[in-house]
Amino acid sequence: MSNETHVLDSPPPGSSDWTVPQDWAHFTAEEHATWDTLFARQAKLLPGRASEAYLRGLDVLKLSKPGIPDFEELSERLMKLTGWQVVAVPGLVPDDVFFDHMANRRFVAGNFIRRPDQLDYLQEPDVFHDVFGHVPMLADPVFADYLVAYGQGGQRALSLDALKYLGRLYWYTVEFGLIAEPEGLRIYGAGIVSSAAESRFALDDPSPNRIGFDLRRVMRTEYRIDDFQQNYFVIPSFDELLRVTVETDFAPLYDEISALPDIAIAAFEPDDVVISRGTQDYAKSRRAAILG
Ligand SMILES: [Fe+2]
């Protein structure tokens, strides 16, 4: 395992909940500059693309110091709005730890930032993805409650051995969700808003499918972690997303869908509300390039 992989086998010494002090002073001037570069690029790109709630929330990141946000200051601001805090972790944490923090309104953020040669893509969630991508949505009261419900649902899913299904809900909403707003489709998923290329692709490219959100459908749908999505699911509102999540009894739903086949990434189902039928050209050209 390379020392660049932020995956740990055990919690940091003396920390049973896996959190570490952010130690804002440990970041170098170059690391703060990386944040500033990424921030400036995305902040310019997102008006007219990101959801209203996200753009409103972006204000919480405008803090007194330049560069990577100081979590203490950030949490203080967020706490006043929705009761959430941001806590630092060395890297990916186990699922039960992740859900426990989330159910208790603590968002875990990786305490490192990508190198300047990795501006466009990094598979591991760094502080830019975690904070720029996720934290603005935590300033929205409805979305903030949705994440709490998700954390509680995650704890139950673990005990029901159903994380495969619930994880897809996170993927297709929190990470790669789209919302229908009066002016058109907008992005709110952290995986999109923190990526310059996918911020364009998710809305403008004719390749991916855009399908109306349906909880059961989403939880049956496979996804890919290493490239642009070929499917985006579109919610009508955050209120509706929260409502469906808190009103659904997930245990019988897991039983039901575990008896059904998974839905392949670019496939359609008869009941789909198709918002745009993708050409899949991007996926085809990528496959052709790989097969060479
Ligand atoms: Fe994320």
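A short tour of the structure in this document, coming up. (Residues numbered from 1 in each chain as written. Predicted model: local features only at pLDDT ≥ 70, side-chain atom pairs only at ≥ 80, totals over all residues. Heavy atoms only, no water.)

**Notes on the overall build of the chain**
Here is step 1: Counting secondary structure elements, the chain contains 13 helices and seven strands.
Here is step 2: Here the chain has a C-alpha radius of gyration of 19 Å; the compact-globule value for 292 residues is 19 Å, and the two agree.
Here is step 3: Based on the C-alpha atoms only, the size of the chain along its principal axes is roughly 55 × 45 × 40 Å.
Here is step 4: The proportion of buried residues among the 292 residues of the chain is 52%. (Helix = DSSP H or I, 4+ residues; strand = E, 2+ residues; numbered from the N terminus. Rg over C-alpha atoms; globule rule 2.2 N^0.38 Å. Buried < 20%, exposed > 50% of the residue type's maximum accessible area, 1.4 Å probe, protein only.)

**Remarks on the layout of surface pockets**
Here is step 1: Estimates place the volume of the largest pocket at around 1,300 Å³.
Here is step 2: Along its surface, the largest pocket is lined by 46 residues, and Gln123, Pro125, His129, Trp171 and Glu175 are the ones closest to its centre.
Here is step 3: Of all the secondary-structure elements, those providing two or more residues to the lining of the largest pocket are helix 4 (95-103), strand 2 (106-110), helix 5 (127-138), helix 7 (163-175), helix 9 (196-204) and helix 13 (281-291).
Here is step 4: Considering every element that reaches the lining of the largest pocket, the biggest residue donor is helix 7, with five residues.
Here is step 5: Looking at the lining of the largest pocket residue by residue, the class counts come to 24 nonpolar, 11 polar and 11 charged. (1 Å grid on protein atoms, 1.4 Å probe; cavity = no way out; pocket = protein on both sides within 12 Å on 5 of 7 lines; lining within 4 Å. Points joined across faces, edges and corners; volume = space filled by probe spheres on them. Nonpolar A, V, L, I, M, F, W, Y, C, P; charged D, E, K, R; others polar.)

**Some remarks on the packing of aromatic side chains**
Here is step 1: Here the structure, examined in full by the defined rule, presents 23 aromatic pairs.
Here is step 2: Centre to centre, the rings of Phe98 and Tyr170 are 5.8 Å apart; their planes meet at 80°, and the pair counts as edge-to-face. In this pair, Phe98 is assigned in helix 4 and Tyr170 in helix 7, connecting sequence segments 72 residues apart.
Here is step 3: Take Tyr170: its relative accessible area is 10%, and that puts it in the buried class. (Phe/Tyr/Trp six-rings, centres within 6.5 Å; stacked < 30°, edge-to-face > 60°.)

**Observations regarding the pattern of salt bridges**
If the charged atoms of two oppositely charged side chains come close together, the side chains can form a pair.
Here is step 1: Enumeration over the complete set of coordinates arrives at 18 salt bridges.
Here is step 2: Salt-bridge contacts for Arg106 lead to Asp100; the nearest nitrogen and oxygen are separated by 3.7 Å.
Here is step 3: Since its relative accessible area comes to 22%, Arg106 is described here as partly exposed.
Here is step 4: Lys284 serves as the salt-bridge partner of Asp281, at 3.7 Å between the closest nitrogen and oxygen. With a gap of three residues between them, Asp281 and Lys284 both fall in helix 13, about one helical turn apart.
Here is step 5: Here Asp281 falls in the partly exposed class, since its relative accessible area comes to 46%.
Here is step 6: Overlapping salt bridges, with partners in common, bring together Lys164, Arg168 and Asp262 in one network. (Salt bridge = Lys/Arg side-chain N within 4 Å of Asp/Glu carboxyl O.)

Purely geometric stuff here, so don't read any function into it on its own.
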